[in-house]
Amino acid sequence: MTRTTPRQTTTGWIPLAVLATAQFLVVLSTSIVNVALPQIRAGLDLSDTGQAWTVNAYVLVFGALLLPGGRAGDVYGLRRVFLLGISLFALSCLGAAGAPTASVLIACRAVQGIGAALLAPTALALVLTLYPESERRGTTLGVWGAVSGAGGAAGVLLSGLLTSLFGWRAVFVVMVPLALAVLVATWLLVGADRPRGGSLDAPGAVTVAAGLVALTYGLSGPWPLAVIGLALLGLFVVLQRRAVDPLLPARMRVVAGPNVLMALLGAVWLGLFYFLPLYQQRTLGYSPLEAGLTQLPLALLITLSSWITGRVSGRAVLPVGLLVLAAGLAWLSRTPADGTFPVDLLGPTLLIGIGLGVAFVRLTAMSATGVPAADSGLAGGLVNATRQIGGAIGLSFLTLLPSFGAAFLACAALALLISVLSTRKA
């Protein structure tokens, strides 16, 4: 059964704004807890392991289930799966806000990851289906890149503000009304699409999810888990070759290159928003509020450059944007102990904002080029998965480096590598 375009009950850009808000919440959830971690640790008496799992429970579950989540949208209907995902997301945020113990908080973060894995790929697929015209595609992807890139910076900003003013529980509370508003607006404004039909490849879904979780966790913990993860991913490849309706069919090779680049960019993105608040608070002595406010220029530049990039064309745009990103990260790698915001942080973050905005928009567009409409959910899941898993694996290696400066310099080298590779793909 082939998919038909979702019936629009409204015109204009309102559905895009609604679905982009959902994507913003997904990205926001990755970074919004970073600044609040010290307060969460004190409030729930978290151990070092518990503190790490407050972040990892969301990141790992989200990244591991993105492919099954995207394919579920193709099989059962994009809007139906999206509504389920945003409902789980809202409920889990509410549960995390009221969590009485560390175990409950970590469990809620895992459910939040499940919801995000269902809504993120289907949201992107719905956007690409609702706005298929070439003259509108650039604008839609510009908005998508803006919210994807700015979500990381906004997470740090909001976390600093909310934690300082209302305590750590506010970082979860703030997402509940937004998620509920998205749920209602999607129900009213986005018509139901016809499911493709078929079946979800359960063996493939289980092996790829378990393999990704074991690999990413094993890289920063017990190494035998990484070996098990690689074995499971190898089994996934074998199963895909034999499956009648595989989770990741061979025809998706058309976007293999862009997704590899997005995985590398994910390492840069997650590394930046992990180490930058730590450098500001531990080395420069910033309060959570100060660390959050200093992310505002970065968020604004990501938004602005994403919007502009969606309206321009040219093969050189992506490589040049990545060179600007590399330059900003290399500048930031100086990390002086007596640094000030105007002299040592503002300039680098402006360059980084420009480069991230360009890269997110271009790579998102490339990851959907040439994909059949029936695979739009899978394409959305794949590009989100590669960014998330690439970020988790990259962060595992970046945390082994001896200093914040070394981590930023490694991110600069990755951005330079993506620029070189992108000259063949842009």
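Predicted, not measured: the structure shown is a model, and the values here were computed from it.

Chemist: Pulling in residues and values, what's your account of unusual backbone geometry?
Modeler: One can expect most non-glycine residues to show negative phi and most peptide bonds to be in trans. Positioned with a positive phi, D45 is a non-glycine residue whose angle comes to about 55°. With respect to the helices and strands, D45 occurs in the loop between α2 (37-44) and α3 (48-76). Owing to a relative accessible area of 69%, D45 belongs among the exposed residues under this scheme. Here the phi dihedral of T335 falls at roughly 35°; this positive angle occurs in a residue that is not glycine. Within the secondary structure, T335 sits in the loop between α14 (317-332) and α15 (341-368). Of the residues examined, T335 reaches a relative accessible area of 18% and is grouped as buried.

Chemist: Talk me through the packing of α14 against α15; I want residue IDs and the actual numbers.
Modeler: At a minimum axis separation of 7 Å, α14 and α15 run at an interaxial angle of 150°. Taken together, α14 and α15 sit at an angle that is classed as roughly antiparallel. At the point where α14 passes α15, the crossing takes the left-handed sense. Split by residue class, the contact of α14 with α15 holds 20 nonpolar, 4 polar and 2 charged.

Chemist: Residues and numbers for the nonpolar core, please.
Modeler: F82 and L272 are the most contacted members of the largest nonpolar core, which totals 111 residues. Sorting elements by how many residues they give to this core places helix α5 (residues 102-130) first, with 14 residues. When neighbours within four sequence positions are excluded, L272 is seen to be in contact with P277, L298, L329, L332, I352, L356 and F408. If you look at the next biggest cluster of nonpolar residues, it comprises 18 residues, including A209, L247, M252 and A379.

Calculation rules
- All residue numbers refer to positions counted from 1 along the written sequence of the respective chain.
- Thresholds applied to this predicted model are a pLDDT of at least 70 for local features of residues and 80 or more for the giving and counting of side-chain atom pairs; totals over whole chains, interfaces and linings are not thresholded and use all residues.
- Side-chain calculation: all heavy atoms of the structure are included, whereas hydrogens and water are not.
- Per the convention used, a helix needs a DSSP run of H or I reaching at least four residues, while a strand needs a run of E reaching at least two, with both numbered from the N terminus.
- Residue burial is assigned from relative accessible area. The probe radius is 1.4 Å, only protein chains are included, and a residue is buried under 20% of its type maximum, exposed over 50%, and partly exposed in between.
- For helices, the fitted line uses only the C-alpha atoms of the stretch in contact; every axis is such a line through C-alpha atoms, and the angle between N-to-C directions lies from 0 to 180 degrees.
- Here the angle decides the label: under 35 degrees means roughly parallel, over 145 means roughly antiparallel, 65 to 115 means roughly perpendicular, and every other value means oblique.
- Helix crossings fall into two classes, left-handed where the near helix is turned counterclockwise from the far one by less than a right angle and right-handed where it is turned clockwise.
- The residue classification treats Ala, Val, Leu, Ile, Met, Phe, Trp, Tyr, Cys and Pro as nonpolar and Asp, Glu, Lys and Arg as charged. All others, Gly included, are polar.
- Put simply, buried Ala, Val, Leu, Ile, Met, Phe, Trp, Tyr and Cys residues joined by side-chain atoms within 4.5 Å make one nonpolar core.
- Residue contacts are defined here by distance: any two heavy atoms, one from each residue, within 4.5 Å place the two residues in contact.

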